[in-house]
Amino acid sequence: MTAVLSSDLARWQKQLEQRWAAPLRQARDRRVHSQVMADFLQQVETDLRLGLKPQEAAAIACSAGCGTCCQVHVAVLEPEALHIAAYLRQTRSATELAELRRRMNRLCIAIEGLDEEERAACGCHCVFLDTEGHCTIYPVRPLLCRAVTSTCPRSCRDALRLSALGEQVPVLMNLFQKELMESAFRGLAHLWQQQGGDGRSFELTAAVRRALYAA
Ligand code: SF4
Ligand code: SF4
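As recorded by an unreviewed UniProt entry, the protein carries the name Zinc-or iron-chelating domain-containing protein and is attributed to Desulfuromonas thiophila.

A.B. asks: Is there a simple way to think about the overall build of the protein in this case?
C.D. replies: Per the secondary structure count, the protein includes 10 helices and 2 strands. Tracing the protein from N to C terminus, the helices and strands come up as α-α-α-β-α-α-α-α-α-α-β-α. Its C-alpha atoms give the protein a radius of gyration of 17 Å, near enough to 17 Å, the size a compact globule of 215 residues would have. Dimensions of the protein, computed from the C-alpha atoms along their principal axes, are close to 45 × 45 × 25 Å. Residue burial in the protein is summarised as follows: out of 215 residues, 40% are buried. In the protein, of all internal contacts separated by at least 6 residues, the share reaching a separation of at least 24 is 81%. A total of about 11700 Å² of accessible surface is found on the protein, and carbon and sulfur atoms cover 53% of it. Of the side-chain charges in the protein, 26 are positive and 24 negative, and the distance between the mean point of each set is 5 Å.

A.B. asks: Help me out: how do you make sense of helix 8 (residues 153–163) in this one?
C.D. replies: For an α-helix, the turn length of 3.6 residues means that residues three or four places apart are oriented alike. Among all positions of helix 8, only Ser-155, Cys-156, Ala-159, Leu-160 and Ser-163 are buried. Projection of helix 8 onto a plane perpendicular to its axis shows the buried side chains occupying an angular sector of 135°, all on one side. In helix 8, the exposed positions angled more than 90 degrees off the buried face are occupied by Arg-154 and Arg-161. Against helix 6 (116–122) lie the buried residues of helix 8.

A.B. asks: Help me understand the site of ligand 1 in this model?
C.D. replies: Around ligand 1, the surrounding shell consists of Cys-62, Cys-66, Thr-68, Cys-69, Val-148, Thr-149, Ser-150, Pro-153 and Cys-156. When grouped by side-chain class, the residues that make up the shell around ligand 1 number 6 nonpolar, 3 polar and no charged.

A.B. asks: When you look at the site of ligand 2 in this model, what are you seeing that I'm missing?
C.D. replies: Around ligand 2, the structure places Cys-70, Cys-126, Phe-128, Leu-129, Cys-135, Ile-137, Pro-142, Cys-145 and Leu-204. Along the lines of polarity and charge, the residues of the shell around ligand 2 split into 9 nonpolar, no polar and no charged.

A.B. asks: Whenever I open this one, the nonpolar core confuses me. Can you help?
C.D. replies: One broad rule of soluble globular proteins: the nonpolar side chains tend to lie buried together. Counting residues in hydrophobic clusters, the biggest one holds 50 residues, and the most contacted among them are Leu-24, Val-44, Leu-88, Phe-128, Leu-143 and Leu-180. Every element with two or more residues in this core is listed here: helix 1 (9–26), helix 2 (30–51), strand 1 (75–77), helix 4 (78–91), helix 5 (94–111), helix 9 (175–194) and helix 10 (204–213). In contact with Leu-88, other than residues within four places in its own chain, are Leu-97, Leu-100, Phe-128, Ile-137, Val-208 and Leu-212.

How each quantity is defined
- Residues numbered from 1 in each chain as written.
- Chains lettered and ligands numbered in written order.
- Predicted model: local features only at pLDDT ≥ 70, side-chain atom pairs only at ≥ 80, totals over all residues.
- Heavy atoms only, no water.
- Helix = DSSP H or I, 4+ residues; strand = E, 2+ residues; numbered from the N terminus.
- Rg over C-alpha atoms; globule rule 2.2 N^0.38 Å.
- Buried < 20%, exposed > 50% of the residue type's maximum accessible area, 1.4 Å probe, protein only.
- Contact = heavy atoms within 4.5 Å.
- Areas by Shrake-Rupley, 256 points an atom, 1.4 Å probe, with all protein chains shown as cover.
- Lys, Arg positive; Asp, Glu negative; His and termini not counted.
- Charge placed at Lys NZ, Arg CZ, Asp CG, Glu CD.
- Arc of directions from axis to C-beta.
- Near = heavy atom within 4 Å.
- Nonpolar A, V, L, I, M, F, W, Y, C, P; charged D, E, K, R; others polar.
- Core = buried A, V, L, I, M, F, W, Y, C linked by side-chain atoms within 4.5 Å.

In structure tokens, the structure reads:
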């Protein structure tokens, strides 16, 4: 298997689209959707691991329990929202889903219409972040959550605090990971649209709520 190069992500995205065009056509059927999405994400993660240089991987400071970044807007695609919804149905009881629905409704109301700075200022965490700072949908988390890394958790906290005050503070992150995940996101959007789906992106909470409770 050849490692992906950061200079070659446009070609990688094209190959990803060629490889996943047929499976994603089948994934329009809800019965196989989750398996196709799980396999798609696994390939993206494998290619990330192959392409990340060891010294770059070692510099990434993200760890379980550090959820500071989980209070910003996250965009997801329809196939990602469907995948997350299916995962929640499999892993949560009816009582837990009802409670989640209440929390999603509250968050949707709290963040509706907020821009990035206002979202940072409101201090509203993602509904999928638990009280220990862990992502409770980690295996199916959005591609754009996977894009975010940092070499220093403190700089993330500073950036978020100052963003709420309208100041931009750069956070050193792994650009290869960011660009690879964003390429996968664009590729998935393109493929989904080609299959007759909606290729637009949506705010995470609203999209999962719709996928979970509209069915
Ligand atoms: S990006 Fe920053 S806040 Fe988010 S997990 Fe990594 S170190 Fe923590
Ligand atoms: S889905 Fe998970 S990783 Fe993404 S913002 Fe929510 S808690 Fe954080």
